[in-house]
Amino acid sequence: MSEDLYQEIILDHYKNPRGKKVEIDSLAQSYQVNPTCGDEVTVEVGQNPDGTLLVSYDGQGCSISQASASVMSELINGKTPAEAAPIQEAFMELMKSKGQLEPDEEVLEDAIAFAGVSKYPARIKCALISWMALSDAQIKAQLTATTTTRSG
Ligand code: ZN
């Protein structure tokens, strides 16, 4: 996929954010900042009665940070912690890849658009802060895969 198309996906999420400022019955939240760029994001997580995750966020900053939060919210909302974990891992892997990894669209969907960002060390944190906030909030809410996939 071309850099232009990646850019289009990022701009679309920046202009039409998914899950931003949605009121949810949250169990925990996490606030993260990226001082080098000035990005801020707060991610809240809750749980639906069926065990799937509820995700909402608010924030401000550059288009990459805000688009990434929107993509993260869209991807993780409604997934169980066990379903979310491989997506979160794949995104971390992609951002560490320095542009060398071919992203798996089946797993990452719109998050593949950040493949290009992984080539620019100064921008990686922009793309990652919302995902780091999500992981932190999940730990606080005890909604990580290891604590919720057990039955009985
Ligand atoms: Zn930024």
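For the structure, see preceding data.
Fair warning: this is a prediction, and the values are worked out from it, not measured in the lab.

Caption draft 1: Up close: the layout of surface pockets. Roughly 170 Å³ of volume is contained in the largest pocket. Lining the largest pocket are Glu3, Tyr6, Gln7, Ile10, Ser63, Ile64, Ala113, Gly116, Val117, Tyr120 and Arg123. Elements that contribute at least two residues to the lining of the largest pocket include exactly helix H1 (3-15) and helix H2 (63-76). Sort the elements by how many residues they give to the lining of the largest pocket and H1 lands first, with four residues. Looking at the lining of the largest pocket residue by residue, the class counts come to six nonpolar, three polar and two charged.

Caption draft 2: Examining the sheet that holds strand S1 (residues 28-34) more closely. Spatially, S1-S2-S3 is the arrangement adopted by the three strands of the open sheet, whose pairing is antiparallel. Of all the strands in the sheet, the pair left with one neighbour each is S1 and strand S3 (53-60). Here the strands of the sheet are splayed against their neighbours by 15 degrees on average, with no regard to which way each runs. Pairing of S1 with strand S2 (residues 39-47) involves seven bridges; the strand directions are antiparallel. When the sheet's bridge partners are listed, Ser30 is paired in S2 with Val43. Against the sheet, helix H5 (residues 121-141) touches S1, S2 and S3, its axis set at about 155 degrees to S1.

Caption draft 3: Broad picture of the pattern of salt bridges. Counted according to the given criterion, the structure contains five salt bridges. The partner of Glu74 in a salt bridge is Arg18, with the nearest N and O atoms 3.4 Å apart. One end of the pair, Glu74, is in helix H2; the other, Arg18, is in the loop between H1 and S1, and 56 residues separate them in sequence. Judged by relative accessible area, Arg18 falls into the partly exposed class, the value being 23%. Linking Glu93 and Lys96 is a salt bridge whose minimum nitrogen-to-oxygen distance equals 4.0 Å. Within this structure, Asp12, Arg18 and Glu74 form a network of salt bridges that share partners.

Caption draft 4: Structural view of H2. Compared with an ideal rise of 1.5 Å per residue, which puts 14 residues at 20 Å, H2 spans 20 Å between its outermost C-alpha atoms and is within 8% of the ideal. Burial runs high along H2: twelve of the 14 residues are buried. Residues of H2 that are buried: Ile64, Ser65, Gln66, Ala67, Ser68, Ala69, Ser70, Val71, Met72, Ser73, Leu75 and Ile76. On its buried face, H2 is in contact with H1, S2, S3, helix H3 (81-95), helix H4 (105-108) and H5.

Conventions we followed
- Residues numbered from 1 in each chain as written.
- Predicted model: local features only at pLDDT ≥ 70, side-chain atom pairs only at ≥ 80, totals over all residues.
- Heavy atoms only, no water.
- 1 Å grid on protein atoms, 1.4 Å probe; cavity = no way out; pocket = protein on both sides within 12 Å on 5 of 7 lines; lining within 4 Å.
- Points joined across faces, edges and corners; volume = space filled by probe spheres on them.
- Helix = DSSP H or I, 4+ residues; strand = E, 2+ residues; numbered from the N terminus.
- Nonpolar A, V, L, I, M, F, W, Y, C, P; charged D, E, K, R; others polar.
- Pairing = 2+ DSSP bridges.
- Axes fitted to C-alpha atoms, helices over the stretch in contact; angles between N-to-C directions.
- Contact = heavy atoms within 4.5 Å.
- Salt bridge = Lys/Arg side-chain N within 4 Å of Asp/Glu carboxyl O.
- Buried < 20%, exposed > 50% of the residue type's maximum accessible area, 1.4 Å probe, protein only.
- Expected span 1.5 Å × (residues − 1).

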